[in-house]
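Examination of the molecular architecture
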Amino acid sequence: MFKLLFKYTKDGWKSAMLGPILVILEVIFDLGIPYAMALIIDEGINNRGGDINYIVKLGLIMVGLAIVAGIFGALSGISVSVASCRFTRNIRSAMLEKIQEYDFKNIEKFPVSSVVVRMTSDMRMLRMAYTSIIRTMIRAIVMLILTAIMIFRLNSALANVFAVAIPILGTGLIIIMMKARPRFRILMSKFDAMNAGLKENIEGIRVVKNFVRAEYEEDKFEKVSKDVLKSQRYAENVIILNQPLFELVMYACMIAVAWYGGNFIIAGSLTTGQFMSYLSYLRQILFSLLGISISLTQIVNARASVDRANELLDEKPSIDDSLADKNLLVKDGSIEFNDVSFKYFDEAKKDTLTNINLKIQSGETIGILGPTGAGKSTLVQLIPRLYDIKQGQIKVGGRDIKDYSLYNLREGVSMVLQKNLLFSGTIKENLLWGNPYANDEEIIEACKKAQAHDFIMSFPDGYNTVLDQGGNNVSGGQKQRLCIARALLKKPKILILDDSTSACDTNTDKKIQEALKNKLDSMTSIIIAQRVSSVKDCDHIIIMNDGRIDDIGTHDELLNRNEVYKDLYETQLQGVQNG
Ligand SMILES: Nc1ncnc2c1ncn2[C@@H]1O[C@H](COP(=O)(O)OP(=O)(O)O)[C@@H](O)[C@H]1O
Ligand SMILES: [Mg+2]
């Protein structure tokens, strides 16, 4: 936690230092009060026989001390809040920045819901612990030390009571903390699970309704929230032992002090005033200890959160481009796969792609067909290096893809993913993701190619139509066309469409393919499709099956020699004729 604290206080050092200093001042003024009290009783009442002037004077001093302590207290509260908010804000930004560096593998490791919890609830825990360390913990420790000094000065024999009590309390607290920490980690991971379920349900609410699965979903949620409840109890069960332990020690001390103190007064070695202030010091000591224990609880909670934050911050992207030549640009759209084999997990028994050899010239259009799970998406995702290969070599523009910086490689290779996404904002803003510097003409040209221009213009606000989060207010096919236009705007050397026209009607699909075949801009296009008609006119068609390339050829060649292709073509053709 302190490592994190040092690293992310950054611009907040002033308020971070101010907090503890103000707290210490507050304590010093607080402690003057019982001291003045003792003087009132011993001097004012006993020695001077009820000197009213003296008593009023000291009474006013007590009020003054209380006011000054209160002011310091309020100021420290403010500066601690400021410091803790700055601190967590810095961590949060660091997390977001880190996530941007993640590759697909890292992203798969941290589900969205878990990241959200780490950035919100966990950060709140951390902020509470931070506040508590300074406001409660430092205060309590300073208080403890100063009162201990005062007590020993008043009467060292009575002070022995604490010499016994404090180690007992301390040991108890440490044991409780050690037991609680792992339990809080479990609790946070249950929270993650609950949030994941919740997110899925709410995001998919339309599907849930459609399938009348509300009850099932409710049961499922009930189960995970019970799980959270259970682990919360499990964790809190340890923590609540604090209170009885504390009270036990407190009352034992009270009794011991009353007993010994009474005897000392009778024997004449202690004055009543001293005894009174002694009792209030005693209360202050014990409350400091309670403060320490509460604050330790929060620190334990926060430790679990800090671990989770660090997990996210320390994650190493598995794709490293630090050695790449930053000036190397993708010069043309040629692609080469040499003996590439790939699997998502090192421990997987079977390769997802086996022995892929492939040569694509710049400017060609390539179709890829194959059953789902054949590895089509995997194959194309390797080109912009969304995953790294361990075996074989992939070249783009004549150079190994590892020679390029990720930025330059991905500038050259534009990909429309199978699961695509638009962001909230206007259509135009979304399109500009492809190229922030594109002018209106270029935008319209890309949209015309992607067959998006006409439907965009049919909206009352045209290109300024506002899209919902995830683009839920346009149809699936329209969304796909917007995504294609966005990818085209990048003017990439290689354009990859992963099943990106599946929701478009055959006619629109055909027009998009024709527009892409326009050889003028010498862009290589790779089109993954379900329909033969989508790839029929491509220069080459790749047939994939079970992680291998089964066949490569033109439509006519494949029709002649490839049974699977022929069957597929004929059934789909019939479908069109009958439909
Ligand atoms: N991110 C991933 N992590 C692990 N396995 C994956 C991942 N994506 C795909 N796979 C697996 O790789 C195989 C090929 O998938 P994919 O390339 O998506 O096939 P296609 O696009 O041809 O339908 C499938 O068996 C799939 O389960
Ligand atoms: Mg796929």
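Residues numbered from 1 in each chain as written. Chains lettered and ligands numbered in written order. Predicted model: local features only at pLDDT ≥ 70, side-chain atom pairs only at ≥ 80, totals over all residues. Heavy atoms only, no water.

Bringing the site of ligand 1 into the picture now. Inspection of the region around ligand 1 gives 13 residues, with Gly-373, Gly-375, Lys-376, Ser-377 and Thr-378 positioned closest. The separation between an oxygen atom of ligand 1 and a polar main-chain atom of Ala-374 is 3.2 Å. Lys-376 is positioned such that a nitrogen or oxygen atom in its backbone is 2.9 Å from an oxygen atom of ligand 1. Notes on ligand 1: free accessible area 560 Å², of which the protein chains cover 63%. Considering each element in turn, the shell around ligand 1 owes the most residues, 3 residues, to helix H12 (residues 376-381). A breakdown of the residues in the shell around ligand 1 according to their chemical character gives 5 nonpolar, 6 polar and 2 charged. (Near = heavy atom within 4 Å. Polar contact = N/O pair within 3.5 Å; in protein donor to acceptor, adjacent residues only side chain to side chain. Areas by Shrake-Rupley, 256 points an atom, 1.4 Å probe, with all protein chains shown as cover. Helix = DSSP H or I, 4+ residues; strand = E, 2+ residues; numbered from the N terminus. Nonpolar A, V, L, I, M, F, W, Y, C, P; charged D, E, K, R; others polar.)

This paragraph deals with the pattern of salt bridges. Throughout the structure, instances matching the rule amount to 26 salt bridges. The salt bridge partner of Glu-442 is Lys-491, with a shortest N-O separation of 2.8 Å. Taken as a pair, Glu-442 in helix H15 (residues 440-449) and Lys-491 in the loop between helix H17 (476-489) and strand E9 (494-498) lie far apart in primary sequence, 49 residues in all. A residue is classified by how much of its surface remains accessible, and Glu-442, at 22% relative accessible area, is partly exposed. Sharing partners across several salt bridges, the network here consists of Arg-118, Asp-122, Arg-181, Arg-185, Asp-192, Asp-307, Arg-308 and Glu-311. (Salt bridge = Lys/Arg side-chain N within 4 Å of Asp/Glu carboxyl O. Buried < 20%, exposed > 50% of the residue type's maximum accessible area, 1.4 Å probe, protein only.)

On to the nonpolar core. By size, the foremost hydrophobic cluster in this structure holds 72 residues, and its most contacted members are Ile-91, Met-95, Leu-126, Tyr-130 and Phe-184. The dominant element in this core, judged by the number of residues it contributes, is helix H11 (residues 272-314), at 17 residues. Cys-447, Leu-482, Cys-483 and Val-535 belong to the second-largest nonpolar core, a separate cluster that totals 39 residues. (Core = buried A, V, L, I, M, F, W, Y, C linked by side-chain atoms within 4.5 Å.)

What follows deals with the environment of Gln-478. Relative to the helices and strands, Gln-478 is located in helix H17. Judged by its relative accessible area of 18%, Gln-478 falls in the buried class. C-alpha separation for the pair Gln-478 and Ala-503, spaced 25 residues apart in sequence, amounts to 8.3 Å. When neighbours within four sequence positions are excluded, Gln-478 is seen to be in contact with Phe-455 and Phe-459. (Contact = heavy atoms within 4.5 Å.)

Once that is clear, we can look at the domain arrangement of the chain. The domain architecture assigned to the chain consists of domain 1 (2-314) and domain 2 (335-421 + 492-578). For domain 1 and domain 2, the distance between their C-alpha centres works out to 59 Å. Facing 4 residues of domain 1, the contacting portion of domain 2 comprises 4 residues. Taken together, both faces of the contact between domain 1 and domain 2 bury some 450 Å²; the carbon and sulfur share is 58%. A per-residue breakdown of the area domain 1 buries against domain 2 is headed by Phe-104, Lys-105 and Glu-108, which together make up 94% of the total. At the junction of domain 1 and domain 2, the tally comes to 2 residue pairs in polar contact (both at pLDDT 80 or more). Class assignment of the residues belonging to the side of domain 1 that touches domain 2 gives a composition of 1 nonpolar, no polar and 3 charged. (Domains from an automatic or database assignment. Buried area = accessible area lost by both parts, 1.4 Å probe.)

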